[in-house]
Amino acid sequence: MYIDFAIINTETSEAEAKTILQEIKQFPINSITVPFYLIRSFKSLISGDTKLSCLIDYPLGISDIKTRRYAIEQAYSAGANTVDISMPQNLAANRKYDKIRDDIKACLDYCNDNNIEMRYILEYRVFDHYCLKKICEIFDNNNIKFIYPSSGYFIDNLADNILASIFLHQNSKDLNILCTGNMWCDKHFETMIKSGLFGFRTSSVHSLKNFAAFNSSLNKK
């Protein structure tokens, strides 16, 4: 199970973020995602194979292509080896797929040249099913592998999030979908695992601890 821990509350101070980091380092996490202002301080504190990702144009994706590309360049310079890019909601909602392709290409060219992993954040409640299918096709054609069905910035129902995640997976060739619904108890974790999804993202240390205990109990059976 792939696990991403994200700090998305921009009111979190650097000192508070470092305390959170020390708490979660004891758990098997694949990546840590933070706003740009935390990248430099986190770079020296993250070791091993754990990826350090920067949120780009989060959460609405309303900046222009040049701004988004520049944000990626700055994130890389600060120490990020992965970027989580918000899908431009205005483009997707208006089905401007050619502009979405242009946006992805502008970001992808720089990321490929610098060995940066690109992951995209959607907001499944904003886009209809046809739009989501088309976006999955665009991702597949550009070899984008990691997708979040929602930003986690807004209140999100776990069941709806899982259904959206499954829909995205079924309508793609090889996308790794990370559930972003709010989960914190064994029943939630069981539902997610039964769904067959690739992994999940959480912003809660409490949820991460509960999942570690749940996972440990499964391994003992």
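Everything quoted here is computed from the prediction, not taken from an experiment.

Participant: What's the story with the packing of aromatic side chains in this structure? I'm lost.
Facilitator: Each pair of aromatic rings is reported with the distance of its centres and the angle of its planes. Scanning the entire structure with this criterion turns up 11 aromatic pairs. Aromatic pair Phe200 and Phe211: ring centres 4.9 Å apart, planes at 65°, arrangement edge-to-face. Placement of Phe200 in strand 8 (residues 199-202) and of Phe211 in helix 9 (residues 205-220) is noted, with a sequence separation of 11 residues between them. Judged by relative accessible area, Phe200 falls into the buried class, the value being 0%.

Participant: In this structure, what is going on with the environment of Thr33? I would like to understand it.
Facilitator: You can see Thr33 is positioned in strand 2 (residues 31-34). In sequence terms Thr33 and Phe5 are 28 residues apart; their C-alpha atoms lie 6.2 Å from each other. Among all residues touching Thr33, those that are not within four sequence positions of it are Asp4, Phe5, Ala6, Ile7, Ser53, Leu55, Asp84, Arg119 and Arg201.

Participant: Which parts of the structure should I look at to understand helix 9?
Facilitator: One turn of an α-helix holds 3.6 residues; hence residues three or four places apart share an orientation. With 16 residues, helix 9 extends 23 Å between its outermost C-alpha atoms, agreeing within 8% with the 22 Å of an ideal straight helix rising 1.5 Å per residue. Among all positions of helix 9, only Val205, Ser207, Leu208, Phe211 and Phe214 are buried. Buried residues in helix 9 make contact with strand 1 (2-6), helix 1 (14-24), helix 8 (186-195) and strand 8. Put simply, Ser204 is the residue that caps the front of helix 9, since its side-chain oxygen is 3.3 Å from the backbone nitrogen of His206.

Analysis parameters
Starting from 1, residues in each chain are numbered consecutively following that chain's sequence as written. Confidence filtering applies because this is a predicted model: local features only for residues at pLDDT of at least 70, side-chain atom pairs given and counted only at 80 or more, and all residues used for totals across whole chains, interfaces and linings. Side-chain calculation: all heavy atoms of the structure are included, whereas hydrogens and water are not. Geometry of aromatic contacts follows a simple scheme: Phe, Tyr and Trp rings, the Trp one being its six-membered ring, pair when their centres are within 6.5 Å, and the pair is stacked under 30 degrees between planes, edge-to-face over 60, tilted otherwise. Each helix corresponds to a stretch of at least 4 residues labelled H or I by DSSP, and each strand to a stretch of at least 2 residues labelled E; elements are numbered beginning at the N terminus. Using a 1.4 Å probe on the protein chains alone, a residue whose accessible area is under 20% of its type maximum counts as buried, one over 50% counts as exposed, and one in between counts as partly exposed. Should any heavy atoms of two residues lie within 4.5 Å, those residues are considered in contact. Here the expected span of a helix is defined as 1.5 Å times the quantity of residues minus one. Any pair of N or O atoms that falls within 3.5 Å is considered a polar contact. Within protein, one atom must be able to donate a hydrogen and the other to accept it, and sequence-neighbouring residues count only if both atoms are side-chain atoms.

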